[in-house]
Amino acid sequence: MSKREKRVESKIKKARAFLNLARLNKEEDNCKKMKGRKRNIEDDNDSSQSTKKKLKMNNGKNLIEVNGDRSKLPLQMLTEEEMVELIERRKAAMEKPKIYLTLKDLAEEYRKRISKLSENDVTEDTCPSLYALDLQCLILNAIEGSISSYFPRWCKLLRQSKITSIVVMVINGVSLSDVLSNEDCFSYLTTNLPMHIEITPPLQYESSFEKEIFRVRLSESQWAAKIRDTKYSSQEPCKKVNGITNKADSRKLSEFVPADPVDKFDRRLLLLNVIDMIQDGYPLPLLRDGMYNSFKFTKDDYMKLTANSPMFAVDCEMCATRYGRELSRIAVVNEKLEVLMDRLVKPRNDIIDYKTRFSGITEEMLRNVATRLEDVQKEFQQLIPADAILIGHSFCNDLIALRMFHPYVIDTSVIYNLGKKNYKSGLSTLTRYFLKKHIQISLNGHSPVEDAIATMELVLLKLRTGVDFGDMLSGCTVTSFNLSEPVGTQETTGNSKTITDGKSVYFNPTDDQLSQTLFDILNKVNKTNVVIGRDHFPIEVIKGANVVAVDNDTDCVKKAKKLIKKKQFVWLSLEDCVEEKKLLKKKSYKYDKFRQIDGQIQKIAASCQPHSLFIPVFSGKTKKGQILNSGAYVHIT
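Residues numbered from 1 in each chain as written. Predicted model: local features only at pLDDT ≥ 70, side-chain atom pairs only at ≥ 80, totals over all residues. Heavy atoms only, no water.

Asker: Looking at this model, I keep getting lost on the pairing of strand 11 (residues 325–333). Mind explaining?
Answerer: Remember that side chains alternate between the two faces of the sheet whenever the strand is regular. For strand 11, the tally of buried residues reaches 8 of 9 residues, placing the bulk of the element in the interior. The pairing of strand 10 (residues 311–321) with strand 11 spans 8 bridges and is antiparallel. Its bridge partner being in strand 11, Ala 320 is matched across the sheet by Arg 325. The loop that links strand 10 with its antiparallel partner strand 11 comprises 3 residues; one of these, Gly 324, has a positive phi angle of about 145°. (Buried < 20%, exposed > 50% of the residue type's maximum accessible area, 1.4 Å probe, protein only. Helix = DSSP H or I, 4+ residues; strand = E, 2+ residues; numbered from the N terminus. Pairing = 2+ DSSP bridges.)

Set out below in C-alpha cells:
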C-alpha cells in the first residue's frame, strides 16, 4: 500500500470513528427530547409537508436547507458512504486549479475612492478600467506560481502549480461589444466560458496586446540589482538643475538632508510606472475613463527625461462642494525650496464644507478670491518645463483636484515605508521619522507650502543617501518606465526629443536594460513556449520565443492544435478580421465569420490539456474613428 493510500485509509477510519461518536451523542439527545416532541407532533404536521427539508441547529438559530444536496449537511449528519464520497470529492477538487473574479471587491474599492470626486453617485457595480497589464499579471502569476510577485487585482487564481499549460488566443479586429451583441454567433464561447472582463484597448495608446504582455517590468529584487549596476549608479555626479531659480522665499534644507547636492543614483528610478499609477488611482488619459474627460495635460508636449530633469513638489488643499472635493489652494516648491506658486482658488460650485481643520481654508479667505481652477491650470502649465518631475504624497489626489494629467511622478507614499506591507504612512509620520521635524500640528489646518517642502526634502534625502534608505520592506520601490526613447511623432530640439502625443508618454516601451520579456521568465522556470501567427511580431518583445509563422487563421489554429499538447505556454494570434475589414461590413459575411471564430475557439479549448488556463482575447477595433473595447475570457479546462 502506497503512502497516499495509507493517508486516505487513515482519514476514512477517523471519519468513521467521528461518525459513530456523533450518532451516540445524537441518540442520547433524542431520548431526552422525545417526550416533549410527541406533544407537538400535530402542530408540526403542516411544516413536515414542505418540499424543503430543514434541519434545526444551534438551538434553532440557524436553518440548513438540504434541497436534495446532502453534502451541505454537517459531517455528523452524513452516512458513512456519503462522508467517504464527500472526502474524495473534496480531494479531487484540490487537485484542480481554480479561478474566480473579484470585480465586486475591486468596484467597492473604486467606489469608495471616487465617490467624493464625482457629481453623480457612483453605482456599486462601477469598476475601474482594466488594462492589458492586468491580464499580464494573471499570466505571470500562473507561470511563476507561489513565488510570483505579480498578483492580478481583478481575479484570484488558486493552486497555480496544478496548471498544466497556458493558452492565449488573440482575435484581432474584433471587439468585446461584437461578442456581447452577437451572442447567438458565439454560442460556444458565451455558454462554456462565462467569466470575462472588459479591457481598455491598447489601440488607444498606439500599442498592442503583444507589446503590452510580452514586455515585463522587473521585480523588486531585480530592480535592486539593476540599480547597483554601473550604468545607473552615480559614478558621474548628476548635476543639480532647478526649473526656475529667480524667485525669492528660499529656505534652508533640513539638517538631516545631506548638503552635498550629488544624487547617489538616477532620480528617474523613483518614478511611478503605469502599473503603480493604475493601482493607486492616478488619472490616466484614456477614453473609457469618463470622469477624466475634462482633464488637461500639464504640458502640450513632453521631453525625454534625463538624470538632471528638475523636480517640483506640489501640494493641494481641497474643500467640499456639491460636486465633491474641489481645489481651494495650491503650492509649488522647487529643489531649492523656493515657493514658485501659492494660490487660493475659488471653486465654481457652492462650498458645503471648507474642511478648515485640514485645509486651513476659511470662508473669509476665499470671499474676495477671483482665481479659478482654469487660471491655476494655465499658470501651472507655464510654470513647469516639459521634462518636469512632479513630487507629492499620495499625489493622485492632488492631480485629481487639479484635474490634470502628468506622466512623470514621484510619490513619497510609495518610495518610503515603515515596514508595514500594503500600508502607506502619512506625510507627517514620515517627516517626523526621517527629517526629525513636526508638520501639520497647527490647529488652523495644514499648510500646503509646508507639506510641499516636506515632500521635496524627503525625496532629496533619499536621492542623497541611497536607494534603500526609507524602505523598511525588502526590495526597492523603483521603476524603469520613461527611461527609453519616446515613441510617437517627435521633434528634435538640440539633444532632447519632444513627444507630441501625451498618451504615449504613459505607455511607451521601457529601456531594454531595465526590462525583460515574458519568454525570459518562461525560460527561467523551464517552461516551453510557442508563438503562432503572422510573421510581424515586434522583434524587441519576442526575444526567447519560439515563433511559428502562418499565412492565415485556419493554418494558425491547425498548428496550435498540434503544439498545445507539447508546450506549456501557447500564444496564437488570429488576423483574418483585420485583413477582411471591408468584407465584414456585410452582415451575412460578418455573422458567418463570427461563427467560424466561435468554432475555432471551441477547437482550441478541446485541444487544451486538462487543467489548462485558456484565455481568448478580443483586441478591440476602430470603427468610424471610435476605438471599441477589448475583452478577455478566462477558463480552466
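Moving on, there is more to tell.
Asker: I keep staring at a positive patch on the surface and nothing clicks. Help me out?
Answerer: Taken together, Lys 558, Lys 559, Lys 561, Lys 562, Lys 566 and Lys 603 make up a surface patch of like positive charges. At 4 residues, the largest contribution of residues to the positive patch is made by helix 20 (residues 553–563). Its location among the elements puts Lys 558 in helix 20. (Patch = residues over 30% accessible without salt bridge, like charges linked within 9 Å, V, L, I, M, F, W, Y side chains within 5 Å. Areas by Shrake-Rupley, 256 points an atom, 1.4 Å probe, with all protein chains shown as cover. Salt bridge = Lys/Arg side-chain N within 4 Å of Asp/Glu carboxyl O. Lys, Arg positive; Asp, Glu negative; His and termini not counted. Charge placed at Lys NZ, Arg CZ, Asp CG, Glu CD.)

Asker: Explain the layout of surface pockets to me, please; I cannot follow it from the model alone.
Answerer: Picture a little ball the size of a water molecule; that probe, rolled over the atoms, points out where space is still empty. A volume near 900 Å³ is recorded for the second largest pocket. What lines the second largest pocket is a set of 33 residues, among which Gly 173, Lys 581, Gly 620, Lys 621 and Thr 622 lie closest to the centre. The set of elements that each furnish at least two residues to the lining of the second largest pocket consists of helix 6 (176–180), helix 8 (209–214), helix 21 (576–579), helix 22 (587–607) and strand 24 (621–623). Residue composition of the lining of the second largest pocket, grouped by class: 11 nonpolar, 11 polar and 11 charged. (1 Å grid on protein atoms, 1.4 Å probe; cavity = no way out; pocket = protein on both sides within 12 Å on 5 of 7 lines; lining within 4 Å. Points joined across faces, edges and corners; volume = space filled by probe spheres on them. Nonpolar A, V, L, I, M, F, W, Y, C, P; charged D, E, K, R; others polar.)

Asker: I tried to follow the confidence of the model for the chain on my own but got confused; where do I start?
Answerer: Do not read the predicted coordinates in detail wherever pLDDT is low. With 74% of its residues at a pLDDT of at least 70, the chain reaches an overall mean of 79. In the model of the chain, strand 17 (residues 490–493) stands out as the element of lowest mean pLDDT, 35, in contrast to strand 23 (residues 613–618), which has the highest, 97. Across residues 116–120, where pLDDT falls below 50, the model places 10 contacts with residues more than four positions away in sequence or in other chains. Segment residues 230–248 is flagged for pLDDT under 50; beyond a separation of four residues in sequence, or across chains, it makes 50 contacts in the model. (pLDDT = per-residue confidence, 0-100. Contact = heavy atoms within 4.5 Å.)

Asker: Just checking my understanding: could you explain the side chain of Gln 160 for this structure?
Answerer: Topologically, Gln 160 is positioned in the loop between strand 4 (155–158) and strand 5 (166–171). Of the polar contacts made by the side chain of Gln 160, one reaches the side chain of Asn 141; its length is 3.0 Å. (Polar contact = N/O pair within 3.5 Å; in protein donor to acceptor, adjacent residues only side chain to side chain.)

Asker: I'm lost on the packing of aromatic side chains in this one. Help?
Answerer: Each aromatic ring pair is summarised here by two numbers: the centre-to-centre distance and the angle between the ring planes. Evaluation of the coordinates by the stated rule reveals 14 aromatic pairs. Seen in terms of ring centroids, Phe 214 and Trp 571 are 4.6 Å apart; in terms of plane orientation they differ by 65°. Their pairing is edge-to-face. Taken together, the positions of Phe 214 in helix 8 and Trp 571 in strand 22 (residues 569–574) put the pair 357 residues apart, joining distant regions of the chain. A single burial state applies to Phe 214 and to Trp 571, both of which are buried. Aromatic side chains Phe 297 and Phe 405 sit 5.3 Å apart centroid to centroid with 50° between the ring planes, which places their arrangement in the tilted category. Of this pair, Phe 297 sits in strand 8 (residues 296–297) while Phe 405 is found in strand 15 (residues 404–405), placing the two residues 108 residues apart along the sequence. On the basis of relative accessibility, which here comes to 4%, the residue Phe 405 falls in the buried class. Linked through ring pairs, Phe 295, Phe 297, Tyr 302, Phe 405 and Tyr 408 together constitute an aromatic cluster. (Phe/Tyr/Trp six-rings, centres within 6.5 Å; stacked < 30°, edge-to-face > 60°.)

Asker: Which parts of the structure should I look at to understand the pattern of salt bridges?
Answerer: Here the idea is simple: oppositely charged side chains can pair when their charged atoms come close. In the structure shown here, the tally under the stated rule is 17 salt bridges. Among the salt bridges present, the one from Asp 553 reaches Arg 534, with a minimum N-O distance of 3.1 Å. Within this pair, whereas Asp 553 is found in helix 20, its partner Arg 534 is found in the loop between strand 20 (529–533) and strand 21 (547–549), the two being separated by 19 residues in sequence. Given the relative accessible area of 4%, Asp 553 is considered buried. Here Arg 534 falls in the buried class, since its relative accessible area comes to 6%. With its nearest N and O atoms 3.2 Å apart, the salt bridge here joins Lys 593 to Asp 576.

Asker: In this structure, what is going on with empty space enclosed by the protein? I would like to understand it.
Answerer: Enumeration over the complete set of coordinates arrives at 5 cavities of 30 Å³ or more. Space inside the second largest cavity adds up to approximately 60 Å³. Contributing to the lining of the second largest cavity are Leu 133, Asp 134, Cys 137, Phe 151, Pro 152, Arg 153, Ile 275, Ile 278 and Gln 279. Classifying every residue of the lining of the second largest cavity by side-chain character gives 6 nonpolar, 1 polar and 2 charged.

Asker: Got a minute to help me understand the side chain of His 406 in this structure?
Answerer: Along the chain, His 406 falls in the loop between strand 15 and strand 16 (409–411). His 406 gets classed as buried once you look at its relative accessible area, which sits at 1%. A polar side-chain atom of His 406 sits 2.6 Å from a polar atom in the side chain of Thr 298.

Asker: So what exactly am I meant to see when it comes to the environment of Lys 211 here?
Answerer: Note on placement: Lys 211 falls in helix 8. A residue is classified by how much of its surface remains accessible, and Lys 211, at 36% relative accessible area, is partly exposed. When neighbours within four sequence positions are excluded, Lys 211 is seen to be in contact with Pro 538, Glu 540 and Val 541.

Asker: In this structure, what is going on with unusual backbone geometry? I would like to understand it.
Answerer: Across residues other than glycine, the phi torsion is negative in most instances, and most of the peptide bonds are trans. One non-glycine residue, Lys 355, lies in the positive phi region at around 50°. If you trace the backbone, Lys 355 turns up in the loop between strand 13 (351–353) and helix 11 (356–359). Lys 355 gets classed as partly exposed once you look at its relative accessible area, which sits at 33%.

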